[in-house]
Amino acid sequence: MTNPLPDPAPDAATARPLGPALALAVRGRCPACGEGRLFAHFLKPVPACAHCGQRWDLHQADDFPSYIVILLLGHILVPLMIEVNSAFAIPLGWQAAIWPTLAFLLAVAMIQPVKGGVIAFQWTRRMAGFR
């Protein structure tokens, strides 16, 4: 008697390991092949990889990368602010200029790699239209 249900485990040939895919995506490379670019513009992914043809317009990252960046900024900046304020006597006016500027620069630097990571995670888990 044969089993009428298909095997739910993916083939080894179609395995999508998370670690290498994340490493490529945070650098803006295609998580599938590592050759093509992931982003056409700052935060807009290419419709498909020019090298392997993997479609990237299927992602549904939405606002999740922004939430991750906000969480990371809080964990980076709050301890930094506490340590700087305990070590130095920086006037409040300077702090009002320094901390928001630093938060903005860090957010801009982190948003694209984080979005690439979210897209790579969805791709490796076959979520959001990736099959």
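Details of the structure are given in the entry above.
Given the structure is predicted, the values throughout are model-derived calculations rather than measurements.

Student: Help me understand the packing of aromatic side chains, please; the structure alone is not making it clear to me.
Tutor: Working definition: an aromatic ring pair is given by the centre-to-centre distance plus the angle between the planes. Applying the stated rule across the entire model yields two aromatic pairs. Taken together, the ring pairs connect W56, W123 and F130 into an aromatic cluster.

Student: Which parts of the structure should I look at to understand helix α2 (residues 64–87)?
Tutor: Think of an α-helix as 3.6 residues a turn; residues three or four steps apart then line up on the same face. Its 24 residues give α2 an end-to-end C-alpha distance of 35 Å, which sits within 8% of 34 Å, the value for a rise of 1.5 Å per residue. Buried residues of α2: P65, V69, L73, L77 and V84, and no others. Looking at the buried positions of α2, the neighbouring elements they touch are α3 (92–124).

Student: Is there a simple way to explain the nonpolar core in this structure?
Tutor: Ranked by size, the top nonpolar core spans 14 residues in total, and within it L38, W56, I119, W123 and F130 carry the most contacts. Those elements that provide at least two residues to this core are α1 (18–25) and α3. With four residues, the top contributor of residues to this core is α3. What L38 contacts, discounting residues up to four positions off in sequence, is A25, G28, R29, C30, P31, P45, V46, W56, G116 and I119. V84, W99, I111 and V114 belong to the second largest nonpolar core, which has eight residues in total.

Student: Sorry if this is basic, but what is going on with α1 here?
Tutor: By the burial criterion, the buried members of α1 are A21, L24 and A25. Seen end-on, α1 carries its buried residues on one side only, within an arc spanning 95°.

Student: Just checking my understanding: could you explain a nonpolar patch on the surface for this structure?
Tutor: A cluster of nonpolar side chains, F42, L43, F104, L105 and V108, forms an exposed patch at the surface whose accessible area comes to about 460 Å². Within the element layout of this structure, F104 appears in helix α3.

Student: It is not clear to me how the pattern of salt bridges should be interpreted in this structure. Could you clarify?
Tutor: Any two side chains of opposite charge can pair, given that their charged atoms come close. Applying the stated criterion across every chain, the model contains one salt bridge. R55 is paired through a salt bridge with D57; the nearest N and O atoms lie 3.1 Å apart. Judged by its relative accessible area of 43%, R55 falls in the partly exposed class. Judged by relative accessible area, D57 falls into the partly exposed class, the value being 43%.

Student: Explain the side chain of K115 to me, please; I cannot follow it from the model alone.
Tutor: If you trace the backbone, K115 turns up in helix α3. Setting aside its immediate chain neighbours within four residues, K115 contacts F39, L43, P45, H59, A61 and P65.

Conventions adopted
Along each chain, residue indices are assigned from 1 in the same order as the chain's sequence is written. Two thresholds apply to this predicted model, a pLDDT of at least 70 for residue-level local features and 80 or more for giving and counting side-chain atom pairs, whereas whole-chain, interface and lining totals are computed over all residues. Calculation of side-chain values draws on the structure's entire complement of heavy atoms; hydrogens and water are dropped beforehand. Aromatic rings from Phe, Tyr and Trp, with only the six-membered ring used for Trp, were paired whenever their centres fell within 6.5 Å, and each pair was classed as stacked if the ring planes differed by under 30 degrees, edge-to-face if by over 60, and tilted otherwise. Every helix listed is a DSSP run of H or I at least four residues long, and every strand listed is a run of E at least two residues long, numbered separately from the N terminus. To estimate how far a helix should reach, multiply one less than its number of residues by 1.5 Å. Per-residue accessibility, obtained with a 1.4 Å probe over protein chains only, is compared with the maximum for each type, and a residue is labelled buried under 20%, exposed over 50%, and partly exposed between these values. Contacts are assigned to residue pairs with any non-hydrogen atoms lying within 4.5 Å of each other. Here, the term nonpolar core denotes a set of buried Ala, Val, Leu, Ile, Met, Phe, Trp, Tyr and Cys residues that are joined through side-chain atoms within 4.5 Å. The directions from the helix axis to the C-beta atoms are what the arc is built from. Residues form patches when they are more than 30% accessible in relative terms and have no salt bridge. Like charges link within 9 Å. Nonpolar side chains (Val, Leu, Ile, Met, Phe, Trp, Tyr) link within 5 Å. Residue-level accessible areas treat just the shown protein chains as cover; the underlying method is Shrake-Rupley with a 1.4 Å probe. Whenever a carboxyl oxygen of Asp or Glu lies within 4 Å of a side-chain nitrogen of Lys or Arg, that contact is scored as a salt bridge.

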